[in-house]
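Each chain is listed here by its residues.
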Amino acid sequence: MSFAFTITVVDANDLISGATEALLIENMTASLLEWGEFISGLGSVEVELTIDNTFVGTAEGGAATNPIVRQENGTNIAESTVALELRSGFDATGPGPDALITIDPDFLLNELWLDPTPFDRSDGPPAGFLDGIGLLSHEFSHTLGINGFIDDLTFQIPNDLISNYDEFVTVVGQQAFFNGPLTVEAYGGPLPLTSLSDTQNIYHFGDDDGVGPDLFGSLLNGTGQFASDRYEVEALTLLVFADLGLDVSIPDDLPFVDPFTLVPEPTLTVASVGVTGNQVSAVLALSSPEVFFTLGATVALEDASGTVLGDAQRVLFQPGQTQLMVNMPLPAQADPSQVMLVVSNPAGAQLETGTRFLTVNVGQEPGEELGTEGPDVLVGTPLGETLLALGGDDSLTGLAGNDILDGGAGLDTANFTGATSASNVSLLADGRVVVLGPDGRDVLNDVELLAFQDAVLETAQLATTPSPIDPGQASDVFRFFNTGAGGHFFTTDPDERDAVMALENFIFEGVGYRAIEATLPVEGASDVFRFFNTVAGGHFFTTDPGERDAVMAIDTFIFEGTGFQAFEEQVEGSVPVFRFFNQGAGGHFFSTDIDEVDVVEDLAGFTLEGVGFYAFPDDLIA
């Protein structure tokens, strides 16, 4: 792969020295030689570097002319003269230059680093300087065809004249996308173009704080180069040129997007993968978090012949995130044993072993899955089971259903779908953790990390907020079962307890938990409102004033004021009070005992509604 070229410097006002000019030519030569490793072409590209002020104060690049090459539905389609000459050998500019790059002299002398040894690319820019070869490669890509006639502020696409790049651009609202088929297939969807800039829209890739943030490190990113790092020709930009009709060769080991060549990149692996019914679930993991930048990769399902099944996805790791759950539908008629999960084209990370193909394992029958003393990847089913990882640093994914996840020794991670806001995570008195959310109710033992879509939580950091009251100051909440109506009655009043104990249809079940007296002023505690359900013969509690007001409007509930105080967020020493709705009796049941919760949830007519509030533990004494 290669193409011929010449380089000329135009410095009409003698703004740079001869030595700088010579070094500039060497850096431009290194850039074009790098492009020539991946693009073949006819003719000879004449590159003209002009030293002069620019509109953006840095550098600008474009073709000397854009000849019309065809007409589609009355619209003229133009192509960069550089690309046209490489494709056909026709030189539309004759002896004149084909590629025009203008560099602002202040920028060149004060911010741009020209590599003194440009042909080995072993060094990077010093602190505070931008990579000269990377910038020249960026501008050359504009001369090569990533340019056009769409208004970069209004996003208006002309009716009479567009470039062959513009042909692939669509605008949805104020967000532009490139839809070249090769690029879309590799990226896992339309390529987001810069859309939030004052000067870079349409003809650059992604926005670091908008759509396509994983493209921040691309050679064609619309935010700008990152000082002190090196930018090189990447597979993504070459795919765009392939969509534009150039003769492109992309080696398998060429980075898709190569943000920071001189900064070690985290390794991206597939931590677990499984299929249940018509859904494939996988957990992707990074060896270390990226603190500042969003990282991305393309995920697809393929059959044994390499045919993509369904649509690929572009997935994003947000700054600080190390694990990501991916869910993809398994196409009808597909044989799961012949399906492969393919992770490719990472931006900002390196795949563990190049493109990663993993055979999807059909989920086993629910029950118990046993790991080894080494690192294991255990994936459950939607029906609920026990995953025992034993030793090693393990990854456990229960999927849907009520699961027990036991990590054993080592640094273990439990994986969950959805964001942390969709789940309730609570610490039990014995150190186990309960997670209520989209994946059901999972009980975790000896698991150190909880990986959600948006964050990773540490078990050691749960319920560490100091309690504003000594648990010894809390009062017993006595619990009774109403054998007649089937509901439960609760009280903190010893006199009321004694009176109810004298009634034949109430069975005293002891102390359910300990709470704060309603009259005791405790900062951070919330009122727990108490209602008596005249039908169920039991009590209903809520800390939500909105729910309180709604229940007060129901004739069968008698509002009894504030029964006691508890916490809406877990504090140190407290435990979750789980709340059930008893459809048969029409009442509610509350319990802090996870084993009792397990039994009650299996009873017909009982629905677990989540954690009602947090109180202090006490064993039942019946």
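A brief structural summary. Predicted, not measured: the structure shown is a model, and the values here were computed from it. (Residues numbered from 1 in each chain as written. Predicted model: local features only at pLDDT ≥ 70, side-chain atom pairs only at ≥ 80, totals over all residues. Heavy atoms only, no water.)

1. Brief notes about the pairing of strand 16 (residues 279-286)
The criterion, for reference: Here the term buried applies to any residue with accessible area under 20% of the maximum for its type, exposed to any over 50%, and partly exposed to those in between, with areas from a 1.4 Å probe on protein chains only. Helix and strand assignments come from DSSP, with helices taken as H or I runs of at least 4 residues and strands as E runs of at least 2, each series counted from the N terminus. A pair of strands is treated as paired once DSSP finds two or more bridges between them.
Across the eight residues that make up strand 16, a large majority, seven, are buried. Examined bridge by bridge, strand 16 and strand 19 (residues 323-329) share seven bridges and lie antiparallel to one another. Across the sheet, V280 pairs through a bridge with M328, a residue of strand 19.

2. Let's talk about the sheet that holds strand 39 (residues 557-566)
As a general point, the strands of a sheet are linked pairwise by backbone hydrogen bonds and lie either parallel or antiparallel. Under the convention used in this document: Here an axis means a line fitted to C-alpha atoms, over the contact stretch when the element is a helix, while the angle between two N-to-C directions is reported on a 0 to 180 degree scale. Should any heavy atoms of two residues lie within 4.5 Å, those residues are considered in contact.
Strands sit in the order 38-37-39 across an open sheet of three strands; the sheet is antiparallel. Edge positions in the open sheet fall to strand 38 (538-542) and strand 39, since each of these has one partner strand only. Looking at each pair of strands side by side, their axes are set apart by 30° on average, direction ignored. Taken together, the seven bridges between strand 37 (residues 526-533) and strand 39 define a ladder with antiparallel strand orientation. Looking across to strand 39, one finds that F529 is bridged to T562. Packing against the sheet, helix 8 (residues 545-552) makes contact with strand 37, strand 38 and strand 39, and its axis sits at approximately 20° to strand 37.

3. Points about the sheet that holds strand 12 (residues 175-178)
The antiparallel open sheet is built from three strands, whose spatial order is 11-12-13. A strand with exactly one partner marks an edge of an open sheet, and here the two such strands are strand 11 (169-172) and strand 13 (191-192). Bridge count for strand 11 against strand 12 is four bridges, and the pairing is antiparallel. By the bridge assignment, V172 is partnered in strand 12 with Q175.

4. Topic: the pattern of salt bridges
Selection criterion: Salt bridges are defined by distance alone: a side-chain nitrogen of Lys or Arg within 4 Å of a carboxyl oxygen of Asp or Glu.
Going through the model one piece at a time under the given rule, you end up with 17 salt bridges. D498 is paired through a salt bridge with R497; the nearest N and O atoms lie 3.0 Å apart. Here D498 falls in the partly exposed class, since its relative accessible area comes to 41%. Residues joined in a network through salt bridges with shared partners are R70, E72 and E167.

5. Thoughts on unusual backbone geometry
With a phi close to 55°, D446 is a non-glycine residue in the positive phi region. Tracing the backbone through its elements, the reader meets D446 in the loop between strand 31 (440-445) and strand 32 (449-451).

6. Re helix 6 (residues 235-243)
Counting buried residues along helix 6, eight of its nine residues qualify, which places the element largely inside the surrounding structure. Directly beyond the C-terminal end of helix 6, a positive phi value near 100° is found at G245.

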